[in-house]
Structure formats: structure tokens, C-alpha cells
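Commentary on secondary and tertiary structure
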Amino acid sequence: LSVGGSVKVDKHLTIDTRNSRVAELSRWTGDVYHSADGTLNLNLNASFTMGLSNLSGGSVATSWALPRIPRTSTISLSKSSVDAGGTVRVNIQAASGSFSHRVITTFGSRTVSADIPSGRSYYDINVHLDWLYEFPDNDKMDAHVRVETLSGGTKIGQDSDDFTVTCPTDVGPTIASINIERIDNKVPAGWGAYVKGVSQAKVSIVGAQGAYGSTIKSWQITGAGFSGTASTLTTGLLNEANTFTFTAKVTDSRRRSYTLESASITVQDYYK
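Below or above, wherever it landed, is the structure these notes cover.

Here is what the cut-offs are and how they apply
- Residues numbered from 1 in each chain as written.
- Predicted model: local features only at pLDDT ≥ 70, side-chain atom pairs only at ≥ 80, totals over all residues.
- Heavy atoms only, no water.
- Helix = DSSP H or I, 4+ residues; strand = E, 2+ residues; numbered from the N terminus.
- Rg over C-alpha atoms; globule rule 2.2 N^0.38 Å.
- Buried < 20%, exposed > 50% of the residue type's maximum accessible area, 1.4 Å probe, protein only.
- Lys, Arg positive; Asp, Glu negative; His and termini not counted.
- Charge placed at Lys NZ, Arg CZ, Asp CG, Glu CD.
- Pairing = 2+ DSSP bridges.
- Contact = heavy atoms within 4.5 Å.
- Core = buried A, V, L, I, M, F, W, Y, C linked by side-chain atoms within 4.5 Å.

Describing the overall build of the protein
Helix and strand counts for the protein stand at zero helices and 22 strands. A globule of 272 residues ought to have a C-alpha radius of gyration of about 19 Å, yet the protein, at 40 Å, is considerably larger. Dimensions along the principal axes, computed over C-alpha positions, put the protein at roughly 145 × 30 × 20 Å. Counting the 272 residues in the protein, one finds 30% classified as buried. Mean positive and mean negative side-chain charge positions of the protein (25 and 24 charges, respectively) differ by 3 Å.

This is how it looks when you write it as C-alpha cells:
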């Protein structure tokens, strides 16, 4: 007895044919395996010979097409990387038109699930800008997509893939304004002027903040020949009669920077 081209039973036996008795010649129970595409066309063959010259042998053969066993659906992603605020399409190659699917997206502490009915071959993942809160100290982070194959509500398998979420180039820290306070020293306050060799300026960065969870990591103020790496800079004596602007720069935890220039100040010359 051969099943699928493999001999399963090969034996000698004695049979009793008196009174037209039926004799079972062979029997086999076991597993057969479908092809990778879920199909199996099983060939069955059996034969026997008799040890007596007045009795002949015989053979029988048939082929049995077994029901196809659908495999788990597979997926592919339209992009391997996307800016927050964009979309990634999950393309579903369904193993059977009757299957439905569940798309589960995991990103940091977030999990988003969506049920896809049978007959639909895609799902769009909307990567919202607020996903940036999940990686305040980096400019990118991976998301994991798992698609479960469902048959009548029963999960029969799953496929998965990853994509990278990046921070858009236009998302970064901001500065509300630069505040400049005149330090008169010996200059009469009523003059309302910066005077060469006497006045100073106190320059402050106002309202600096990160974006979507990032924090300010460094400050820089430059101008009038002075510089500092804090949110406030007090210059030395302004020893040059000229017009000056101050520049403020902040860098956040994603290493994104923002620069703002102040309104100008004018230092007046002074003669004794």
C-alpha cells in the first residue's frame, strides 16, 4: 500500500477465501502534509499477488484532491520610515477571501487595534504628531505592526513588520522673545540711553520650550562682543559706540535648534 508515493504497508499474510469471506489486505493511519500553497493531491496505490498459480493478484490506484488548507495571510508596508503626521499603508495578502484580519500597532506605550473585514486588502495607519511624545529624547523610534488572520473569529496565525517614525524637520523648540534690560550704572536713568564705557545690558531668553515632550538642553546668547551659555547673559561694559543685536539659540533633547534675533540697541558715544 503506497500513500503519496511512499510505501506504508508491505507484508505477507494468509487469507481464508472459503465461503466468500472478505479479507482485509492492508490498512494505514497517519499524517499527510499539504504543500506550501495549502494544496494536496494525494496519490493512493495498492497491489497484491497470490502464492497459488490458479489465483491472480490485483491492483488499484486513485488520486484524492484534499480540501485546501488556507495559510496565514502575509503583509507588506508601503514605507519603512515616515514622519509623524504621515500615513503608512499595511497591504494584506489574504490567504483566503473569507478571512478577516486584525491590525495591531504598538508604539512605545501606545497600542492601536483595528478590525479589517474580509475582502479588504489594506489598512492605513495614521501616525499622529502626538506620537512624538513617545520619544522626547530622540529624533526617531520604531513601531511594530502585527496582523492577525481570523477565520470565523478564530485566530489562525499572524504576520508582522516594523517601520520607523521620525520627527519632522519643522518640529523643534521655540523662543517667545528676547528681553533686554538696560543697566545704567552711573548713567542718569532719565537719559534712557546706553552710554559707551558705562552701560551694560542684561539679555534674557523668554518663553523657550520644547515640542511634543522635548526639553531645552542648552542655551546660547551672543551679541555686542559677548556670549554666554545660560538663559540670561549680563554683558560687560559696552565699550563701543554702535548698534547691536543679540542672538539667542536653544537646542532641545532631540538635538533640534531654534535661533531668534533681538531688536537692536544703540550705544551712544560719550565725551567728558
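As for the pairing of strand β21 (residues 257–261)
By the bridge criterion, five bridges tie strand β20 (residues 247–252) to β21 in an arrangement that is antiparallel. Bridge assignment links alanine 248 to a residue of β21, and that residue is leucine 260. Linking two consecutive strands that pair antiparallel, namely β20 and β21, is a turn of four residues; a positive phi of about 65° is found at arginine 255 within it.

Section: the side chain of histidine 34
Mapped onto the elements of the fold, histidine 34 is located in the loop between β2 (6–7) and β3 (41–48). Under the relative-accessibility criterion, histidine 34 is labelled buried at 18%. Setting aside residues up to four positions removed in sequence, histidine 34 forms contacts with Thr39, Leu40, Leu66, Pro67, Ile69 and Arg71.

Comments concerning the nonpolar core
Nonpolar side chains in soluble globular proteins tend to be buried together. Counting residues in each nonpolar core, the largest one holds 25 residues, and the members touching the most others are Val90, Ile125, Val127, Phe163 and Val165. Those elements giving two or more residues to this core turn out to be β5 (74–77), β7 (87–93), β8 (100–107), β9 (110–116), β10 (122–126), β11 (140–151) and β12 (154–166). Apart from the residues within four sequence positions on either side, valine 90 is in contact with Ile75, Ser76, Leu77, Ser121, Tyr122, Tyr123, Ile125, Val145 and Val147.

So, to be careful, I would describe these as geometric facts and stop short of saying anything about function.
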